[in-house]
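# Fold and geometry: a report
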Amino acid sequence: MNNLTTRVERCFFKLYRRVIGSSARNRATILNFHRVFDGVNIGVGDFISRDEFVLKMEFIKKYFTVLSLPEALECYREKNIPSLAVIITIDDGYQDSYSVITPILESLGIQGAFFIATEGIDNGLLWNDKIRNAIHRTEKLEVKNFLGLPCQEINTLSNKQSAQKSIHNLCKYMTLESRENAIDELIELLDVDVSDDMFLTAANILEMHNAGMTIGAHTHKHPILNLETNENAYLEISQSKDILEGIIETSVDYFAYPNGKYNEDFNQSHILMLKELGFKAGLTTNWGSLHVDSDLYAIPRYTPWDRDVFRFGIRLCHHFRKKADYWR
Ligand SMILES: [Zn+2]
């Protein structure tokens, strides 16, 4: 992009932000990211590059009011959320949360909130990574006789990515027990070692906490809570809280629902569990804003999908104008 275009865009953005800003008081947007890669990306999912993440964080820092999640909730309690307030959240707890994302946020003085699925701390990976590793590491050329799926060739990178995606989507909406059995079967079928160390360690999490990042729970094994018995769901939520509290030696007050869609992935009974366990807030992936009438146990998030930082900023600004909780 040449300098003239950049200058015109900046002027336009400043003007647009000023127009939106006056109507955006008492409303915050919580952005949600997952992975930021600093090399080759072979994953399927929500990955962005390091350069893109840096540009977006610099842009947000410059033109919006960045708050930590506890600060935003304090403003909510005082019914005084500043204009164009933005909160950064990162889900799941992969190693790049520590090695890539935290240093970027720290250099900009941003305190992000990290929601960690704690099984990965001991195992080094989550269920979806086992599927990816099995398909990308195996020497077999096809996946056949697996869960009634048609035979899938995995002889090229693009075939592997497409097989990974279809198996991932199938396993995502299984109970934890069925999912674990299915993945064991896949590993046996493909005769492959899937082990990895791509997750945060306890030492990483403690260091992030000491650097001012908010550490939140995200269950233990990342199940769809709606598919589990109440007993299992409660155990999943409480176990992740206990493990993280053992690491940072202070209370873990915030929770992000895995997959995160109200009714589809979790329901009122899980909200009651959060309250019973002493969480102060629960975050969804439904679109909307945090505003003074929000339900603190079903806080919506919203992340513009544009790669280009200017378009990202415009869409983020525009979001502040939308009716709050328009997903309900
Ligand atoms: Zn997640």
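Residues numbered from 1 in each chain as written. Predicted model: local features only at pLDDT ≥ 70, side-chain atom pairs only at ≥ 80, totals over all residues. Heavy atoms only, no water.

A separate point is the overall build of the protein. For the protein, the helix and strand inventory stands at 12 helices and 12 strands. Relative to the compact-globule value of 20 Å for 328 residues, the protein shows a C-alpha radius of gyration of 20 Å, a close match. Overall, the protein is about 60 × 50 × 35 Å in size when its C-alpha atoms are taken along their principal axes. Expressed as a percentage of the 328 residues in the protein, the buried residues total 53%. (Helix = DSSP H or I, 4+ residues; strand = E, 2+ residues; numbered from the N terminus. Rg over C-alpha atoms; globule rule 2.2 N^0.38 Å. Buried < 20%, exposed > 50% of the residue type's maximum accessible area, 1.4 Å probe, protein only.)

Another point: the nonpolar core. Ranked by internal contacts, the top residues of the largest apolar core, which has 83 residues, are M57, F64 and L290. Dropping the residues within four chain positions of it, M57 is found in contact with F33, I88, I104, L105, L108 and I110. F146, M174, I183 and L186 belong to the second largest nonpolar core, which has 18 residues in total. (Core = buried A, V, L, I, M, F, W, Y, C linked by side-chain atoms within 4.5 Å. Contact = heavy atoms within 4.5 Å.)

Moving on to the coordination of the zinc ion. Protein-derived ligands of the zinc ion are D92 (OD), H218 (NE2) and H222 (NE2), with the metal-ligand distances lying across 2.1 to 2.2 Å. Motif for the zinc ion, donor spacing along one chain: D-x125-H-x3-H. With D92 in strand β5 (residues 85-92) and H218 in the loop between β9 (214-217) and α10 (230-248), the pair connects residues that are 126 residues apart, well separated along the chain. In terms of burial, D92 and H218 fall into one category: buried. (Donors = N, O, S within 2.8 Å, 3.2 Å for Na, K, Ca; no water.)

Before going further, it helps to spend a moment on a negative patch on the surface. On the surface, E139, D184, E185, E188 and D191 cluster together into a negatively charged patch. Structurally, D184 is set in helix α8 (residues 176-190). Since its relative accessible area comes to 47%, D184 is described here as partly exposed. (Patch = residues over 30% accessible without salt bridge, like charges linked within 9 Å, V, L, I, M, F, W, Y side chains within 5 Å. Areas by Shrake-Rupley, 256 points an atom, 1.4 Å probe, with all protein chains shown as cover. Salt bridge = Lys/Arg side-chain N within 4 Å of Asp/Glu carboxyl O. Lys, Arg positive; Asp, Glu negative; His and termini not counted. Charge placed at Lys NZ, Arg CZ, Asp CG, Glu CD.)

Okay, the pairing of strand β1 (residues 27-33) next. Of all seven residues that make up β1, seven are buried, and the element is covered over most of its length. Across the two faces of β1 the burial is the same, with R27, T29, L31 and F33 and A28, I30 and N32 all buried. One ladder, built from two bridges, connects β1 with strand β12 (residues 290-291); its direction is antiparallel. Note that in β12 the partner of A28 across the bridge is L290. (Pairing = 2+ DSSP bridges.)

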